[in-house]
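Commentary on secondary and tertiary structure
Single-letter residue listing:
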Amino acid sequence: MTSDSTILPFRKPGDVEDPLTAILRDGARRLLAQAIEAEAEAFLAAMKGERLADGRDRVVRHGLGPVREIQTGIGPVEVQRVKLRDRGAEAGSERIRFTSALLPPWARRTRSLDALLPILYLRGISMGDFQDALGALLGKDAPNLSPSVVARLRGEWESDFKRWQRRDLSARRYVYIWADGVYLQARMEPQAECMLVLIGATPEGRKELIGFQVGMRESAQSWHELLVDLKARGLTIAPQVATGDGALGFWKAIEEVWPRTCHQRCTVHKTANVLNKMPKVLQPAAKADLREIWTAPDRAAAEAAITKFVEKYGLKYDKAVTCLVKDRDALLTFYDYPAEHWEHLRTSNPIESVFATVRHRTIRTKGALSQDTARLMVFKLVTAAAKTWRKLNGENQLPKVIQGITFRDGVEVIETPAKNAA
């Protein structure tokens, strides 16, 4: 037997050498250094007109800041900040300062990571597990994602939420809004908590979270408090259309706050409500018949499809038919607006799709950690998701809606001047 051992030790995950990742990090470091250098050069060029009394440049280079690591999606990358000095600032006068947009003074993580953390939490990863979960991607120590750092981040999220709740809305306007109440079950709480949510479409066609608060879905008072708060902070111009479920107390509240806003019932909620009043064996056929209403090319065809539904099911399933026809007008409001917007106006799905992830989180953890945490995480998820929300189709039609131009069956009505009598 030989004395040489044939037992080879396994490498720990953090000790695995990855030449490709090393090359990527080195490339990222070089590119970032070049970008910061170009940014500083551009600032110096813009300050060329600023000179001292003896003709020398007022703003000059002043070396480099200390080396620090920025946590990125490919691990830590070392960077140095370019320092510039204002040689002409006198006591009491304003100093010219250079702040890198690429590398803020106290940045330790890329913004994409900051947005990722609350989403990972909602996906089922607890704050204490972030470092282990991301260590393989961000380096074995993930120094800027330790539990204490994440706890401080949570405090920053709370501050962001409070500022957002108090933000000035006087410069904002929303052409359309979507309303819904979303239930979340907090752990150790006696009942599910309802988040009252409003999302709006700006005149440029972008969707934004307008407001949300805890309340009762069917309570007009809860919705009234939310709307009055928004109005008090400057949102005085009423939206043209509001879309939501018919069961909301929202409709009574909006009549009081914005009485001129048109009502559009969510066709997805209405379909579910009608089908719940019918036998399961008939539901697929009835669902197809209801879809014929919502997808009709014009109001007349939609009215005909409603009449057909009433004749087909009214004799045996009067409750289902009553559920449909009681909101007949509000279900067809979208026909008075541009056809490009119909897909958006018919349903409150912009809210439902966002909160699907939130529900996934509460199921994974058997309920959110607490009501406060649930509200905070909902806010961070929605604000992160808002960056990827697609714009409304036909955003060029929104100025016409604001101007009050009439649309009939989705088409702009062009008034022709009457000819003068001979």
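Scroll up for the structure.
Notes on the structure in this doc start here. (Residues numbered from 1 in each chain as written. Predicted model: local features only at pLDDT ≥ 70, side-chain atom pairs only at ≥ 80, totals over all residues. Heavy atoms only, no water.)

A closer look at helix H6 (residues 250-257)
Here is the rule: The buried label goes to any residue with under 20% of its type's maximum accessible area, the exposed label to any with over 50%, and the partly exposed label to all in between, with areas taken from a 1.4 Å probe on protein chains only. Strands here are runs of E lasting at least two residues and helices are runs of H or I lasting at least four, both read from the DSSP assignment and numbered beginning at the N terminus. The arc in question is formed by the directions pointing from the helix axis toward the C-beta atoms.
Along H6, the residues classified as buried are Phe250, Trp251, Ala253, Ile254 and Val257. Viewed end-on, H6 has its buried residues packed into an arc of 160°, placing them on one side of the element.

A look at the packing of aromatic side chains
Rules: Any two of the Phe, Tyr and Trp rings considered here, Trp counted by its six-membered ring, make a pair once their centres fall within 6.5 Å; the pair's planes then place it as stacked at under 30 degrees, edge-to-face at over 60, or tilted in between. By definition, being over a ring means that NZ of Lys or CZ of Arg is both within 6 Å of the ring centre and within 35 degrees of the ring normal.
Here the structure, examined in full by the defined rule, presents 12 aromatic pairs. With a centroid separation of 5.2 Å and 70° between ring planes, the pair formed by Trp223 and Phe250 is classed as edge-to-face. With a gap of 27 residues between them, Trp223 in helix H5 (residues 220-232) and Phe250 in helix H6 connect regions that are remote in the sequence. In this structure Trp223 comes out as buried when scored by relative accessible area, which is 0%. Ring centres of Phe250 and Trp251 lie 5.1 Å apart, and the angle between their planes is 70°; this geometry places the pair in the edge-to-face category. Its relative accessible area of 0% is what places Phe250 among the buried residues. Among the aromatic residues, those joined into a cluster by ring pairs are Phe161, Trp164, Phe212 and Phe379. For Lys207, the ring lying beneath its charged end belongs to Trp178, and the centroid distance is 5.8 Å. Taking the ring centre of Phe334 as reference, the NZ or CZ of Arg346 above it sits at 5.4 Å.

Observations regarding the nonpolar core
Rules: In plain words, nonpolar cores are sets of buried Ala, Val, Leu, Ile, Met, Phe, Trp, Tyr and Cys residues tied together by side-chain atoms within 4.5 Å. Here a residue-residue contact requires only that any non-hydrogen atoms of the pair lie within 4.5 Å.
Grouped together as the largest cluster of nonpolar side chains are 49 residues, with contacts concentrated most on Tyr176, Phe212, Ile293, Phe309 and Leu324. With residues up to four places along the chain from it excluded, the contact list for Tyr176 reads Ile199, Gly200, Ala201, Gln240, Val241, Tyr337, Pro338, His341, Leu345, Leu392, Leu398 and Val401. Formed by 21 residues, the second largest nonpolar core is a distinct cluster that contains Tyr174, Leu235, Ala253 and Trp258.

Things to note about the environment of Met47
Its location among the elements puts Met47 in the loop between helix H1 (19-46) and strand E1 (59-64). With 11 residues separating them along the chain, Met47 and Arg58 place their C-alpha atoms 7.9 Å apart. Setting aside chain neighbours within four positions, we find Met47 in contact with Val59 and Ile96.

Structural notes on the pairing of strand E9 (residues 262-265)
Going by this rule: Only strands that DSSP links by at least two bridges are regarded as paired with each other. Throughout, right-handed denotes a crossover for which the path from the first strand over the helix to the second runs clockwise when the strands point away from the viewer.
Looking at chain direction, strand E8 (residues 241-244) and E9 are connected through four bridges and run parallel. Pairing of Val241 across the sheet is with Cys262, part of E9. Running through H6, the crossover from E8 to the neighbouring parallel element E9 is right-handed.

Some details on the side chain of Thr267
Checked against the element boundaries, Thr267 lands in helix H7 (residues 267-275). Among the residues examined, Thr267 registers a relative accessible area of 6% and is labelled buried. Apart from the residues within four sequence positions on either side, Thr267 is in contact with Trp294, Leu331 and Arg346.

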